Amino acid sequence: MKSFIVLGKRWRKKHVGRKLGNTDIVSVYKLRDNAKVPADYARVGIVTATWFVRPPRIVREVCEKLTLSRSQKVFIIATCGGYDGYVCIDLKAILQPKPDFPVQTFMLPMPLCEKCGAPLMPTGFCREFKVSEEVSRDSMRDKKNEEN
């Protein structure tokens, strides 16, 4: 079965593409003008982040324009810092009338920083922790210079 995945704004297409087989990955921006999904795809996925408890506007717009065949199975994956808000509910309401199969929804909580609770960056640190690490590293270097 061939899959077609629409990625939201901040996803790295190459990284995701390496992990999946028999899948075509398209940025949401490429579908803005022509949102037709060919009928030869058995599954269609929408992967997006949660922005202030709602899906990003561009993702909503593309989902409203998306042309699907009735036989395609649709799934939604919403990343979030702990709560997906209304992303899955909103997108499911837009997409459900299009296919014959129920739209499946999944929430993917992103890891949070143990110190401040902010979502982690790809480096494994939150912004606040990274800044504090740099400050403490600089102060340690200054202290060593003073001792010498």
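The structure reproduced in this document is the subject of the present report. Every value quoted in this text rests on a predicted model; they were computed, and no experiment measured them.

Let's talk about the overall build of the chain
In terms of regular secondary structure, the chain is built from four helices and five strands. Shown N-terminal to C-terminal, the secondary structure of the chain runs as helices and strands in the order β-α-β-β-α-β-α-β-α. Within the chain, the fraction of its 148 residues that count as buried is 35%. Considering only contacts within the chain whose residues lie at least 6 apart along the sequence, 67% involve residues at least 24 apart. Accessible surface, the chain as shown: approximately 9800 Å² in total, 54% of it carbon and sulfur.

Describing helix α2 (residues 57-65)
Every buried residue of α2 is accounted for by Ile58, Val59, Val62 and Cys63. Along the axis of α2, the buried positions cluster into a sector of 135 degrees, meaning they face one direction only. Structurally, α2 contributes buried residues whose contacts are with β3 (43-49) and α3 (87-95).

Regarding the environment of Val53
Relative to the assigned elements, Val53 resides in the loop between β3 and α2. Looking at Val53, the relative accessible area reads 36%, which means it is partly exposed. The spatial distance from the C-alpha of Val53 to the C-alpha of Tyr86 is 5.6 Å, given a sequence separation of 33 residues.

Topic: the environment of Leu31
Mapped onto the secondary structure, Leu31 falls in the loop between β2 (23-27) and β3. The spacing of Leu31 and Val62 is 31 residues in sequence and 6.5 Å in space, taken between C-alpha atoms. Not counting residues up to four positions away in its chain, the partners in contact with Leu31 are Phe4, Val6, Val26, Val62 and Leu66.

Regarding the pattern of salt bridges
Scanning the entire structure with this criterion turns up five salt bridges. Across the salt bridge formed by Lys2 and Asp24, the nearest N and O atoms sit 3.7 Å from each other. Taken together, the residues span a long stretch of sequence, with Lys2 in the segment before β1 (3-7) and Asp24 in strand β2 at a distance of 22 residues. When its relative accessible area of 30% is taken as the criterion, Lys2 is described as partly exposed. Arg60 is paired through a salt bridge with Glu64; the nearest N and O atoms lie 3.8 Å apart.

Here's the deal with α3
Buried within α3 we find Val87, Cys88, Asp90, Leu91, Ile94 and Leu95. One side of α3 carries all its buried residues, which in axial view fall inside an arc of 165 degrees. α3 presents Ile89 and Ala93 as exposed residues on the side facing more than 90 degrees away from its buried surface. Tucked into the core, α3 has its buried residues touching β3, α2, β4 (73-80) and β5 (104-109).

The rules behind each value
Residues numbered from 1 in each chain as written. Predicted model: local features only at pLDDT ≥ 70, side-chain atom pairs only at ≥ 80, totals over all residues. Heavy atoms only, no water. Helix = DSSP H or I, 4+ residues; strand = E, 2+ residues; numbered from the N terminus. Buried < 20%, exposed > 50% of the residue type's maximum accessible area, 1.4 Å probe, protein only. Contact = heavy atoms within 4.5 Å. Areas by Shrake-Rupley, 256 points an atom, 1.4 Å probe, with all protein chains shown as cover. Arc of directions from axis to C-beta. Salt bridge = Lys/Arg side-chain N within 4 Å of Asp/Glu carboxyl O.

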